[in-house]
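# Examining the three-dimensional arrangement
Now for the letters of each chain:
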Amino acid sequence: MDAKHNMDNRQSNVSVFRRLPLICGLLAALALPLAQAVPVLEINRAQPHSVTARTFDANAPFIERRADPWIIRDDDGSYYFIASVPEFDRIELRHAKTIDGLRQATPKTLWHKHETGPMSIDIWAPELHKIDGRWYIYFAASNKDVRFHNRMFVLGLEGDSPMTGQWQELGKLQSAQDAFSLDATSFNLKDERYFIWAQQDKAKRYNTGLVIAKMLSPTQLSDNETIISEPLLDWERLGFKVNEGAAVLVKNGKVFVTYSASATDDRYAMGLLWADENADLLDPKSWHKSPSPIFTTEPSLNRFGPGHNSFVLAEDGKTELMFYHARNYLELQGTPLTDGNRHTYYRAIRWSADGFPVFDNQQSDSQTLNQQDTQSR
């Protein structure tokens, strides 16, 4: 998320702070063997379809001032929306019968930061998950007395309704390497549950890479962790060396993982990893990476620094929608920490003939949605 790169750099001046340099002083952690660099492979990209023209507003956010959007569809077809708030001080949730209903849905605050201690500042990137019939929220937080010491934490629901039940703190979700970590997500594949998150490597050669592990339970990870992506490509190292904000799609025999990279200004962009769904996901050799970003800044659409996305099925049960955040202007108003104008947007994605997701970077959100409407008629 946007603020998460502002690591403690006590010697930085104001101009350097504007770029939010990352941690220079995390505590030494347990050893985590580094994976080999993920192979970089080209994707056969489909050409955009022509679309029926219609009036659209390329600037209109879906929900204003909400970053790191996570949308989940419940078993009854209704939708929940959770995201980072500009104050980074609480976790709130919206619920509606339809996606469009989330726009005006009244958010409910489920949890508020502590006054002191490990969950007292920088409440970032919450995600809502339903695992074995119980609801959980994964999020990152830090200690205001030891700033940018972010770790992952878990809330669990007592009850059946995320909006009315009682949320309980279930503690820190401990990784084998106790290092700066955030942006946790979870997915199920072939009766195994996996966890992917962003974490700094022990050698601190970069800010964050992506790590995967199996889950022993909703609150416990296996010690067998694998780095599946490191910021080694030029476009992933603009301002900061970052891979973060993973989101998972399992389709067409593959596990696709989108992620975000670089500084969280207009250079922020999204990349793509993939592995065969029958492969060993804990083997770094199973994973492949697109050499180029798949979703980027597009000034003609007033889209700047898109990233930290999530996926959800539309009401038709077949169209994949991608929710993401972006700013609609170039120059930051202050710093990424103080500029809270990252808005939530969404668009439809489609699939190429060889089974890869197509993001239609040059099209507006409305054009992608219109395209899906036209094809479904």
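Here the structure is a predicted model, which is why all the values come from computation and not from measurement.

With that settled, consider the sheet that holds strand β19 (residues 320-327). Read across the sheet, 3 strands follow the order β18-β19-β20 without closing on themselves; strand pairing throughout is antiparallel. Strands with a single pairing partner mark the edges of an open sheet, and in this sheet they are β18 (304-313) and β20 (343-348). With direction set aside, neighbouring strand axes in the sheet form an average angle of 30 degrees. Sheet topology places β18 next to β19; 6 bridges connect them, and they run antiparallel. The residue bridging F304 from the neighbouring strand is R327, located in β19.

Here S260 is to be found in strand β15 (residues 254-261). Under the relative-accessibility criterion, S260 is labelled buried at 0%. For S260, the side chain forms a polar contact with the main-chain nitrogen of H308, separated by 2.7 Å. Ignoring anything within four residues of it in the chain, the contact list for S260 reads V242, N243, E244, G245, Y268, A269, M270, G307 and H308.

Here the focus is the pattern of salt bridges. Under the defined criterion, the tally for this structure stands at 20 salt bridges. A salt bridge links R267 to D265; its shortest N-O distance comes to 3.0 Å. Take R267: its relative accessible area is 28%, and that puts it in the partly exposed class. Residue D265 is classed as buried on the basis of its relative accessible area, which comes to 7%.

Right, let's get into the environment of L128. Topologically, L128 is positioned in strand β5 (residues 121-131). Counting along the chain gives 35 residues from L128 to L93, while the straight-line C-alpha distance between them is 9.0 Å. With sequence-adjacent residues up to four places away left out, L128 is seen in contact with W70, I72, Y80, I82, L93, W135, Y136, I137 and W167.

Read across the sheet, 4 strands follow the order β1-β2-β3-β4 without closing on themselves; strand pairing throughout is antiparallel. Both edges of this open sheet fall to β1 (67-73) and β4 (108-112), since each of them pairs with a single strand only. Sheet twist, expressed as the average angle between the axes of neighbouring strands with direction ignored, equals 25 degrees. With 5 bridges joining them, β1 and strand β2 (residues 79-84) adopt antiparallel strand pairing. Residue R73 lies in a different strand from β2, and its bridge partner there is Y79.

Below, the discussion takes up the pairing of strand β16 (residues 269-276). Burial analysis of β16 places 7 of its 8 residues in the buried class, the great majority of the element. As defined by bridge partners, β15 adjoins β16 across 8 bridges and the pair is classed as antiparallel. By the bridge assignment, K254 is partnered in β16 with D276. Relative to strand β17 (residues 288-289), β16 is paired through 2 bridges, and the arrangement is antiparallel.

Core analysis: the largest hydrophobic core is formed by 30 residues, its most contacted members being F187, I212, L281 and W287. Of all the secondary structure elements, the ones that give two or more residues to this core are β5, β9 (181-189), β10 (192-199), β11 (209-217), β14 (243-251), β15 and β16. For this core, the element with the most residues is β15, which contributes 4 residues. L110, L128, A141 and L155 belong to the second-largest nonpolar core, a separate cluster that totals 20 residues.

Conventions adopted
- Numbers given for residues are sequential positions, taken from 1 along each chain in its written order.
- Residues qualify for local features only when their pLDDT is at least 70, as the model is predicted, and side-chain atom pairs are given and counted only at 80 or more; totals for whole chains, interfaces and linings, by contrast, use all residues.
- The basis for every side-chain value is the complete set of non-hydrogen atoms in the structure, without hydrogens or water.
- Paired strands, in this sense, are two strands between which DSSP finds at least two bridges.
- By definition, any uninterrupted DSSP run of H or I lasting at least four residues is a helix, any uninterrupted run of E lasting at least two residues is a strand, and each is numbered from the N terminus.
- All axes here are fitted lines through C-alpha atoms, helices being fitted over the stretch that makes contact, and every angle between N-to-C directions spans 0 to 180 degrees.
- For the exposure calls, accessible area comes from a 1.4 Å probe over protein chains only, and a residue counts as buried if that area is under 20% of its type's maximum, exposed if over 50%, partly exposed in between.
- Contacts described as polar in this section are N or O atom pairs within 3.5 Å, which, within protein, must combine one atom able to donate a hydrogen with one able to accept it, while residues neighboring in sequence count only if both atoms come from side chains.
- The contact criterion used throughout is that any non-hydrogen atoms of two residues lie within 4.5 Å.
- One speaks of a salt bridge when a side-chain nitrogen belonging to Lys or Arg is within 4 Å of a carboxyl oxygen belonging to Asp or Glu.
- Note on terminology: a nonpolar core comprises buried Ala, Val, Leu, Ile, Met, Phe, Trp, Tyr and Cys residues joined through side-chain atoms within 4.5 Å.

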